[in-house]
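Structural description and commentary
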Amino acid sequence: MPHKASKEALEQAQLVFQDGLKCLQAGNVDNADLLFAKAYALDPNNLDTLNLLGIREYQKQNYQEAIRFLSNARHLHGNSAQTLNNLGLAHNALKEFHKALECFDLAVAIDQGLAEAHNNRGNSLKGLYQNSQALEAYQRAIHIRSEYAEAISNQGVIFLEEKNYQKAIQSFEAAIRLNPNLAVAFNSLGNAYTELAKYKQAFQAFDFALQINPHYLDAYLNYGISLKKAKQYAQSIKCFDHAVATSLHHARSYFLLGEVYYDMGNIESSSINLRKCLELDPQNIDSQFALTIAQIPKVFSSTEELQQSRRNFSDELNKLRYLKNSDEAPEDIVTYIGRHPFYLAYQEEHNTSLLNEYGDVCTRSVKPIQDILNESKVPLKKNSGKICIGIVSHFFCDHPVWHAITKGWIKHLNPEIFEIHIFNTNGIEDQETELAKNRATSYSRNNESTLDIATAILNKQLDALLYPEIGMDATSKALACLRLAPVQVVSWGHPETTGLPTIDYFLSGASFEPIDAEDNYRERLITLPGLGTYFELETIKHIELNLSELGIDANRPILLCAGSPSKYSPLNDEIFIEIARCLGNCQFIFFSFQKELTEILRNRLYKAFNAVNLKPEQYIQFVPFLRKEEFYSLLLKADLYLDTIGFSGFNTAMQAIACDLPIIAKEGRFMRGRLAQALLRLLGLDELVVSTNQEYVAIVVKLIQNNELLKSYKNKISKNKFKLFNDIKPIKALGIFLSQLS
């Protein structure tokens, strides 16, 4: 217990303390700290000294020391509102929100007019995910002090989390007007503009925050996230590097670096940073999920990388099995279960066992959310006499998933039999969305939390819940991990099993599937007639395209390679080389998707061509991504469409058929590699479907060297293509299937 100081020591301590205050006010913090320590040594019982030492240790992020000094002050002098407020701040910093809240509750009970305590109490409540109570606390602080900029800014953060972006921006701007040096308000303003994809305004806000405080860690991190969303990856990395320099042991900085490197296709740097994050924070479940996903490259740089990636993915997946959920908020759980090993599908391997294991981890992780939903009260169902189905998707808009799958469901399922309830997971809205709204019984575009969306789905008491795809949208994936309807069904928007035990059926097309296809799915496979979908034949509207401006020679054969970079496996690079060798005079037209991923493919192809003394620039041309009217123009001018091997094209292949462009397709082992071949076989063009890479090369060379034969195939397509479009049989079969389930 501290000793009792003499009268002389007490007087000396007070003088030293006053000198320390003067140094602190003058900005000479080092001398101030020395003087406060001296004052404490002379009089360890002085309330002002203990409080100020606690505040200084808090400011230096020595939170346990801060708690020691402030607890001593409380023990020796009883509860004072200011001491309790300071003690609560230290507990907040350590994320000990319950302890902090106790301090703030006592502080406001002693002094109801202490605005700071109400504001800080709001921060504790927010830390406990009690946002509505937090908002009340902030508003109480503002009521006491109307120009309290920090509380106004904190109020804005609640609005931001509730996705009420305009109210959030108004709060942040009001706080900035009151205190133009409030860096935290500029940082939050940047976050709000990022959510609205107003990146220019976001970048300006982050710049202001960092001008005010050049060591503001959160501002660097949020700036980097905003740049990443704007696909300015190099600048994003610079921000995260600054964050690392600001705090070498801050795990989240390395996590975000890992994320952006993965987006750029650099799995080595991604893994290094994610492992560093886990080294600093071993219980970070999201990082382990991200590290597992990061073992699968978006685009392979070599065959060796492809083979190693599967082993690495399996190794990291084994670690995921043994991670235990801590007391995480539902939205934190949603973040990591929303991750999906999407790019595993681009390997022509049997992925079912790996995906089943991953699916089990996801559904086990989501159990706390499922328990909350199971305990919720569901309103009584209104019996309309119809079968009630829900459709969850991010893509009720001009998007391949909409055109290939969802549009046919919504337009042609019998409204006399089915009620359709649409749940748009905050995707964009356009003219196609209006069609969906007009056809549906109900439509909601949910920008609330995933738990709120799940509750809304449950409240509809659906007979069946349909997902056009699982894997492309994180919110849809997270919802699919939950049991929200007695029957849950996925279609082939991402053409591979989900691996989820919560999905009961997989809708496919009979023409897509090989023999024994059931072994490729965890779900029960349902094959609808033909392509399993209703695909509209739209009017081809094209604009004249200047090929030379794209670097395309109109006098040389145009071999169209329309797939994304991920669809081109290094195992099949030989095809392009052999076609080039045989034809000599030809050009492969690829598309520039994301710059970094396109460069990986370009560099790999160039290396392969150079290795056999072929000049790649004579054969390979990457053109910018084209608008639909421009793409149709290119399809009309091309000689052949070369389908991707292992992961076939569908929408682009249908567009090629609509333009009478012959397709060369290799029949894959799995449904995802058999889409284009199905179109050709239904058209009676079996001879354009091959089973080996050698046959692929041979048919391409044969057609390019025989113009009359090539024209004959174009004519056959022109006469028969209507068989593929506007086919109502799959929708009728789907209706029967859903009726039988109910």
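Note: the structure precedes this text.
No experiment lies behind these values; they were computed from the predicted model shown.

Along its length, the protein carries 34 helices and 13 strands. When contacts within the protein are restricted to residue pairs at least 6 apart in sequence, those whose partners lie at least 24 apart make up 65%. Carbon and sulfur atoms make up 49% of the accessible area of the protein, which totals about 32300 Å². Across the protein, the mean location of the 75 positive side-chain charges is 3 Å away from that of the 85 negative side-chain charges.

Looking now at the pattern of salt bridges. As enumerated under the stated definition, the model contains 38 salt bridges in all. Arg321 serves as the salt-bridge partner of Glu357, at 2.2 Å between the closest nitrogen and oxygen. Of this pair, Glu357 sits in helix H20 (residues 352-365) while Arg321 sits in helix H18 (residues 303-321), and the two are 36 residues apart along the sequence. Residue classification places Glu357 among the partly exposed residues on the basis of a relative accessible area of 26%. The exposure class assigned to Arg321 is partly exposed, which follows from its relative accessible area of 32%. The salt bridge partner of Asp727 is Lys729, with a shortest N-O separation of 3.0 Å. Judged by relative accessible area, which is 15%, Asp727 ranks as buried.

Of all hydrophobic cores here, the largest spans 230 residues; its most connected members are Phe588 and Leu642. At eight residues, helix H15 (residues 251-263) tops the list of elements feeding residues into this core. Not counting the four nearest positions on each side in its chain, Leu642 is found in contact with Leu559, Leu560, Cys561, Phe576, Ile579, Phe588, Ile664, Tyr696 and Val700. Of all hydrophobic cores here, the second largest spans twelve residues; its members include Ala32, Leu50, Leu52 and Phe69.

Per the stated rule, a full pass over the model turns up 30 aromatic pairs. Ring plane angle 35° and centroid distance 6.5 Å describe the contact between Phe313 and Tyr358, whose orientation is recorded as tilted. Here the residue Phe313 occupies a position in helix H18, and Tyr358 occupies one in helix H20, the gap between them amounting to 45 residues. On the accessibility criterion, Tyr358 (1% relative accessible area) is buried. When the centroid spacing of 5.1 Å and the interplanar angle of 80° are considered together, the rings of Phe342 and Tyr343 count as edge-to-face.

Turning our attention to the side chain of Ser476. Within the fold, Ser476 resides in helix H25 (residues 474-480). For Ser476, a relative accessible area of 0% translates into the label buried. Looking at Ser476, its side chain comes within polar contact range of the side chain of Asp473, at 2.7 Å. Leaving out residues up to four positions away in the same chain, Ser476 has contacts with Val392, Ser393, His394, Thr425, Tyr467 and Glu469.

What follows is about the layout of surface pockets. Taken as a whole, the second largest pocket spans an internal volume of roughly 190 Å³. Lining the second largest pocket are 13 residues, with Lys381, Lys382, Glu419, Asn459 and Lys460 sitting closest to its centre. Here the lining of the second largest pocket is composed, by residue class, of three nonpolar, five polar and five charged.

Below, the discussion takes up the pairing of strand E2 (residues 418-424). Most of E2 sits inside the fold, with seven of its seven residues counted as buried. Burial along E2 is two-sided: Phe418, Ile420, Ile422 and Asn424 and Glu419, His421 and Phe423, pointing in opposite directions, are all buried. A crossover connection joins strand E1 (residues 387-393) to the parallel E2 through helix H22 (residues 400-412); in handedness this β-α-β unit is right-handed. As defined by bridge partners, E2 adjoins strand E3 (residues 442-445) across four bridges and the pair is classed as parallel. Following the sheet pairing, His421 is matched in E3 by Ser442. For the segment spanning E2, helix H23 (residues 431-439) and E3, crossover handedness is right-handed.

Where helix H19 (residues 330-337) is concerned, the buried positions are Ile333, Val334, Tyr336 and Ile337. The elements touched by buried residues of H19 are helix H17 (285-293), H20, helix H21 (367-375), helix H24 (450-459) and H25.

Taken in spatial order, the seven strands line up as E3-E2-E1-E4-E5-E6-E7 in an open sheet, and their pairing is parallel. The open sheet has two edge strands with one neighbour each: E3 and strand E7 (524-528). Between one strand axis and the next, the sheet turns by 25° as a mean value, whatever way the strands run. With seven bridges connecting them, E1 and E2 associate as parallel partners.

Attention now goes to the side chain of Arg310. The topology assignment puts Arg310 in helix H18. No salt bridge is formed by the buried Arg310; the nearest opposite charge belongs to Glu349, separated by 5.0 Å. In this structure the side chain of Arg310 is engaged in a polar contact, spanning 2.9 Å, whose partner is the side chain of Gln347. A polar side-chain atom of Arg310 sits 2.8 Å from a polar atom in the side chain of Asn351. Beyond its immediate stretch of four places on either side in the chain, Arg310 contacts Leu344, Gln347, Glu349, His350, Asn351 and Leu354.

On to the sheet that holds strand E8 (residues 558-560), then. Overall, parallel pairing links the six strands, which are arranged E10-E9-E8-E11-E12-E13 in an open sheet. Of all the strands in the sheet, the pair left with one neighbour each is strand E10 (620-624) and strand E13 (689-690). Of the pairings in the sheet, the one linking strand E11 (residues 640-642) to strand E12 (residues 663-666) comprises two bridges and is parallel in character. Bridged to Tyr641 within E12 is Ile663. Lying over the sheet, helix H32 (residues 693-705) contacts E8, E11, E12 and E13, oriented at roughly 170° with respect to E12.

Parameters and conventions
Residues numbered from 1 in each chain as written. Predicted model: local features only at pLDDT ≥ 70, side-chain atom pairs only at ≥ 80, totals over all residues. Heavy atoms only, no water. Helix = DSSP H or I, 4+ residues; strand = E, 2+ residues; numbered from the N terminus. Contact = heavy atoms within 4.5 Å. Areas by Shrake-Rupley, 256 points an atom, 1.4 Å probe, with all protein chains shown as cover. Lys, Arg positive; Asp, Glu negative; His and termini not counted. Charge placed at Lys NZ, Arg CZ, Asp CG, Glu CD. Salt bridge = Lys/Arg side-chain N within 4 Å of Asp/Glu carboxyl O. Buried < 20%, exposed > 50% of the residue type's maximum accessible area, 1.4 Å probe, protein only. Core = buried A, V, L, I, M, F, W, Y, C linked by side-chain atoms within 4.5 Å. Phe/Tyr/Trp six-rings, centres within 6.5 Å; stacked < 30°, edge-to-face > 60°. Polar contact = N/O pair within 3.5 Å; in protein donor to acceptor, adjacent residues only side chain to side chain. 1 Å grid on protein atoms, 1.4 Å probe; cavity = no way out; pocket = protein on both sides within 12 Å on 5 of 7 lines; lining within 4 Å. Points joined across faces, edges and corners; volume = space filled by probe spheres on them. Nonpolar A, V, L, I, M, F, W, Y, C, P; charged D, E, K, R; others polar. Right-handed = clockwise from strand over helix to strand, strands pointing away. Pairing = 2+ DSSP bridges. Axes fitted to C-alpha atoms, helices over the stretch in contact; angles between N-to-C directions.

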